[in-house]
Amino acid sequence: MRYVTRTDVRAFRQHLLERIVGEEIDTANKIISHVSRTFVTINEVNQHRLPDIFGKARISGGSTSSA
């Protein structure tokens, strides 16, 4: 968990964008939200005090500029 970085989140986001373009999935924000909530829950339960690396990872209007 401590080894997951903002760079990993950006790569995951880009992977989801590519899957949307390829029409493999129709929503990335739902997936990002699920993974983010899981990260936050584990972080809080185990008191890791890690930063919110999923902040601003959601996709708006299909743009990649918000990550």
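The structure we're discussing is the one just above.
Described below are features of the structure shown in this document.

**A few points about the overall build of the protein**
When you go through the protein residue by residue, the secondary structure sums to 2 helices and 0 strands. When each of the 67 residues of the protein is scored for burial, the buried share is 24%. In the protein, 61% of the contacts between residues at least 6 apart in sequence involve partners at least 24 apart. Only carbon and sulfur atoms are counted for the fraction: they give 52% of the accessible area of the protein, which is about 4900 Å².

**Overview of the side chain of Arg13**
By the secondary structure assignment, Arg13 is in helix α1 (residues 6-21). Here Arg13 occupies a buried position and makes no salt bridge, while the nearest side chain of opposite charge, Glu18, is found at 10 Å. Of note is the side chain of Arg13, whose polar atom sits 2.7 Å from the backbone oxygen of Ala57.

**Thoughts on the packing of α1 against helix α2 (residues 29-45)**
Running from amino to carboxyl end, α1 crosses α2 at an angle of 155 degrees, the nearest separation of the two axes being 10 Å. With respect to α2, the element α1 is oriented roughly antiparallel. Handedness of the α1/α2 crossing: right-handed. Between α1, through Phe12, Arg13 and Leu16, and α2, the contact on the second element is made entirely by Ile31, Ile32 and Val35.

**Focus on α1**
For α1, spanning 16 residues, the distance from its first C-alpha to its last is 23 Å, which sits close to the expected 22 Å at 1.5 Å a residue. Listed in full, the buried residues belonging to α1 are Val9, Arg13, Leu16 and Leu17. Take α1 and look down its axis: the buried residues cluster within an arc of 105 degrees, on one side only. Pointing more than 90 degrees away from the buried face of α1 are the exposed residues Thr7 and Val21.

**Things to note about the side chain of Asn29**
As for its position among the elements, Asn29 is in helix α2. Within polar-contact distance, the side chain of Asn29 engages the backbone nitrogen of Ile59 at 2.6 Å. The contact partners of Asn29, leaving out residues within four places of it in the chain, are Arg58 and Ile59.

**Description of the nonpolar core**
Listed in full, the 11 residues of the largest apolar core are Val9, Leu16, Leu17, Ile25, Ala28, Ile32, Phe39, Ile53, Phe54, Ala57 and Ile59. Elements with a contribution of two residues or more to this core: α1 and α2. In terms of residue count, α1 provides more of this core than any other element does, 3 residues in total.

Rules used throughout
- Residues numbered from 1 in each chain as written.
- Predicted model: local features only at pLDDT ≥ 70, side-chain atom pairs only at ≥ 80, totals over all residues.
- Heavy atoms only, no water.
- Helix = DSSP H or I, 4+ residues; strand = E, 2+ residues; numbered from the N terminus.
- Buried < 20%, exposed > 50% of the residue type's maximum accessible area, 1.4 Å probe, protein only.
- Contact = heavy atoms within 4.5 Å.
- Areas by Shrake-Rupley, 256 points an atom, 1.4 Å probe, with all protein chains shown as cover.
- Lys, Arg positive; Asp, Glu negative; His and termini not counted.
- Salt bridge = Lys/Arg side-chain N within 4 Å of Asp/Glu carboxyl O.
- Polar contact = N/O pair within 3.5 Å; in protein donor to acceptor, adjacent residues only side chain to side chain.
- Axes fitted to C-alpha atoms, helices over the stretch in contact; angles between N-to-C directions.
- Parallel < 35°, antiparallel > 145°, perpendicular 65-115°, else oblique.
- Left-handed = near helix turned anticlockwise from the far one by under 90°.
- Expected span 1.5 Å × (residues − 1).
- Arc of directions from axis to C-beta.
- Core = buried A, V, L, I, M, F, W, Y, C linked by side-chain atoms within 4.5 Å.

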